[in-house]
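# Close look at the chain arrangement
These are the residues of each chain, in order.
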Amino acid sequence: TRSPQDRKCGPRRTIRRGPHALPAMRGAVLAIGARAAYPAHRAMTNRVPPHNLDAERAVLAALLAEPDRVPEAMEKLSAEDWFDQRHAAVYEALCALSMRGVAIDLVALNEQLAAGGKQAMVGGMAFLAELSSLVSSAAHLRHNSKIVHETALLRRLIRESGEIISKAYETRPDGESVRELVSE
């Protein structure tokens, strides 16, 4: 017989690596739209890279509430800073509209996403309406932008550290190769 847990999520399995045993769920999903840019990290550590989806949503909601603050956000954030691909696409569309001087509202944003072929991936008007209902002002834009930026820095540090570790394992200890790796 199957337990209620098995019926909901599939049977529990255990992944054994070294002295640690990690429970795993069949079909477990990180987050809808979350980046798959860190598969090597996930494979090495079975950990999710640092991120804060609430801060990402709060920044986007603040920019929808006060679109005149998009240039301020552009000084601090780039499209690569977003963990969730949907959030990155919305941010890119907001920046594009702002740079063109177009008045930003949900309709213009939805059209910009459609023109870029990202409307369906984002979730269309329903997702944008959900975002716009999260906050009524951009009072905490600077604080939440800092969180998004700093978690992006941590992910870059993890990614680059992983690349260095991989290169170190592959480097022959012949003196010159080691010096080249250290100098990178």
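Here, residues in each chain are numbered from 1, in the same order as that chain's written sequence. Only residues with pLDDT of 70 or above have their local features reported here, since the model is predicted, and side-chain atom pairs are shown and tallied only from 80 upward, although totals for entire chains, interfaces and linings are computed over all residues. Computation of side-chain values covers all heavy atoms of the structure but excludes hydrogens and water.

### Digging into the nonpolar core
By size, the foremost hydrophobic cluster in this structure holds 29 residues, and its most contacted members are Leu63, Trp82, Val90, Tyr91, Leu94, Leu109 and Leu113. Working definition: helices are DSSP H or I runs of at least four residues, strands are E runs of at least two. Numbering for both runs from the N terminus. With eight residues, helix 5 (residues 85–100) is the largest single contributor of residues to this core. If we skip the residues at most four places from it in the chain, Leu94 touches Leu60, Leu63, Leu64, Val70, Ile104 and Leu109. Buried residues of nine kinds, namely Ala, Val, Leu, Ile, Met, Phe, Trp, Tyr and Cys, make up a nonpolar core once their side-chain atoms join them within 4.5 Å. Exposure categories follow from relative accessible area, calculated using a 1.4 Å probe and restricted to protein chains: below 20% of the type maximum is buried, above 50% is exposed, and the middle band is partly exposed. By definition in these notes, contact holds between two residues if any of their heavy atoms fall within 4.5 Å.

### Points about the packing of helix 3 (residues 53–65) against helix 8 (residues 124–132)
To obtain an axis, a line is fitted to C-alpha atoms, over the contacting stretch when the element is a helix, and the angle between two such axes runs from 0 to 180 degrees between their N-to-C directions. Remark: helix 3 packs on helix 8, axes separated minimally by 8 Å, with the N-to-C direction vectors making an angle of 90 degrees. Overall, the two elements helix 3 and helix 8 adopt an arrangement that is roughly perpendicular. From helix 3, Arg57, Leu60, Ala61 and Leu64 reach across to helix 8, where they touch Leu128, Leu131 and Ser132. Among the residues forming the contact of helix 3 with helix 8, the class breakdown is five nonpolar, one polar and one charged. For classification, angles of less than 35 degrees are called roughly parallel, those exceeding 145 degrees roughly antiparallel, those between 65 and 115 degrees roughly perpendicular, and all remaining angles oblique. Gly is placed with the polar residues, together with every amino acid not listed as nonpolar (Ala, Val, Leu, Ile, Met, Phe, Trp, Tyr, Cys and Pro) or charged (Asp, Glu, Lys and Arg).

### Section: the pattern of salt bridges
The salt bridge criterion pairs a side-chain nitrogen of Lys or Arg with a carboxyl oxygen of Asp or Glu, the two atoms within 4 Å. Scanning all chains against the criterion turns up seven salt bridges. Two residues, Arg86 and Asp84, come together in a salt bridge whose shortest N-O distance is 3.0 Å. In terms of burial, Arg86 and Asp84 fall into one category: buried. Residues participating in the shared-partner salt-bridge network are Arg69, Glu72 and Arg142.

### Some thoughts on helix 9 (residues 141–170)
Given a helix with a known number of residues, its expected span is that number minus one, times 1.5 Å. Compared with the 44 Å implied by 1.5 Å per residue over 30 residues, the 44 Å span of helix 9 between its first and last C-alpha is a close match. Among the residues of helix 9, those classed as buried are Leu141, Asn144, Ser145, Val148, His149, Thr151, Ala152, Arg155 and Gly162. Where helix 9 is buried, its residues contact helix 3 and helix 4 (70–76).

### Remarks on the packing of helix 5 against helix 6 (residues 106–115)
At a minimum axis distance of 9 Å, the contact between helix 5 and helix 6 shows a crossing angle of 110 degrees. Between helix 5 and helix 6, the interaxial angle falls into the category roughly perpendicular. Contacts between helix 5 and helix 6 involve Ala89, Val90, Ala93, Leu94, Ala96, Leu97 and Arg100 from the first element and Ala108, Leu109, Gln112 and Leu113 from the second. The residue inventory of the contact of helix 5 with helix 6, partitioned by class, reads nine nonpolar, one polar and one charged.

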